[in-house]
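Take a look at the letters that make up each chain.
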Amino acid sequence: MGLFGRKNENDTASATTATAPATVNPDLAALTGDYSIDPSHSSIGFVARHAMVTNVKGSFTDVAGTLHLDGTDPAQSTASLDVQMESIDTGSADRDGHLKSSDFFKIDEFPEMTFRSTKAEALGGDDYRVTGDLTILGTTKPLSIDLEFNGSATDPFGNERVGFEGKAEILRSEWGLTWNAALETGGVLVSDKIKLRFDISAIRSGS
């Protein structure tokens, strides 16, 4: 079942009601509200091709953000995300240090990566797309994230939660991340294309 409102499957179709507005599922409408991302149960990950032959995976462990969900009109939903670049983790301290340096993220000058949504839309079923402004190294460019709504639940502590999985791809060079090294066998050390992965658990404000 999707997050946003759509026609109730039990409605009886007729010629006189075919053009009437879709019935809002009250269970979905009840999810409308403001939520805070739970960093201990969320992750922002990435995958880059290394030396043309393998993938290196990493994530950011210090993430904060808010969601406003509208269960009747997806266009009114919004998302805001702040990532602390110091928290990058690829499983290698040396590699993490290089990524934090002036060759890549320049974290002393640009400590945060941010995303601010500008558009949300339902794609059908549990699938949605959020488009917004991604800022890295002081450069802001549009990014579209395809999301799957995983559902809602009340946890043992009484928190009302919603969950999403998302994915996107960027060319890092478009945000000024251009460092690379040539390989003797041809090609480069680090791919320009980066795959982004989002696993989000968010708690309703006041719950």
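Residues numbered from 1 in each chain as written. Predicted model: local features only at pLDDT ≥ 70, side-chain atom pairs only at ≥ 80, totals over all residues. Heavy atoms only, no water.

Student: Mind showing me how you'd approach the pattern of salt bridges here?
Tutor: If charged atoms from side chains of opposite charge come close, those side chains can pair. As enumerated under the stated definition, the model contains six salt bridges in all. The residue Asp 38 makes a salt bridge to Arg 161 at a minimum N-O spacing of 2.9 Å. Highlighted residues: Asp 38 in the loop between strand E1 (33-37) and strand E2 (43-50) and Arg 161 in strand E10 (residues 160-171), separated in sequence by 123 residues. Exposure class is identical for Asp 38 and Arg 161. Each is buried. Each of Asp 38, Asp 155 and Arg 161 takes part in one network of salt bridges that share partners. (Salt bridge = Lys/Arg side-chain N within 4 Å of Asp/Glu carboxyl O. Helix = DSSP H or I, 4+ residues; strand = E, 2+ residues; numbered from the N terminus. Buried < 20%, exposed > 50% of the residue type's maximum accessible area, 1.4 Å probe, protein only.)

Student: Honestly, the pairing of strand E9 (residues 139-154) in this entry has me stumped. Any pointers?
Tutor: Looking along a regular strand, one sees the side chains alternate between the two faces of the sheet. Strand direction decides the pairing type here: strand E8 (residues 127-136) and E9, joined by 10 bridges, are antiparallel. In the sheet register, Val 130 faces E9, and the bridge partner there is Ile 145. Taking the residues between adjacent antiparallel strands as the criterion, E8 and E9 are bridged by two residues, where Leu 137 takes a positive phi near 55°. Looking at chain direction, E9 and E10 are connected through eight bridges and run antiparallel. The residue bridging Ala 153 from the neighbouring strand is Arg 161, located in E10. With antiparallel pairing between neighbouring strands as the criterion, E9 and E10 make up a hairpin whose turn holds five residues, including Gly 158 at a positive phi of roughly 85°. (Pairing = 2+ DSSP bridges.)

Student: For this particular structure, what's the right way to read the side chain of Ser 191?
Tutor: Looking at the secondary structure, you find Ser 191 in strand E11 (residues 190-204). Since its relative accessible area comes to 16%, Ser 191 is described here as buried. Looking at Ser 191, its side chain comes within polar contact range of the main-chain nitrogen of Arg 49, at 2.9 Å. Polar contacts involving the side chain of Ser 191 include one to the main-chain carbonyl oxygen of Lys 193, which spans 2.9 Å. (Polar contact = N/O pair within 3.5 Å; in protein donor to acceptor, adjacent residues only side chain to side chain.)

Student: Looking at this structure, how should I read the pairing of E2?
Tutor: Across seven bridges, the pairing between E2 and E11 is antiparallel. Paired with Ile 44 across the strands is Phe 198, a residue of E11. Strand direction decides the pairing type here: E2 and strand E3 (residues 54-60), joined by seven bridges, are antiparallel. Pairing of Gly 45 across the sheet is with Ser 59, part of E3. Counting the residues between successive antiparallel strands, the hairpin from E2 to E3 contains three residues, one of them, Ala 51, with a positive phi of roughly 55°.

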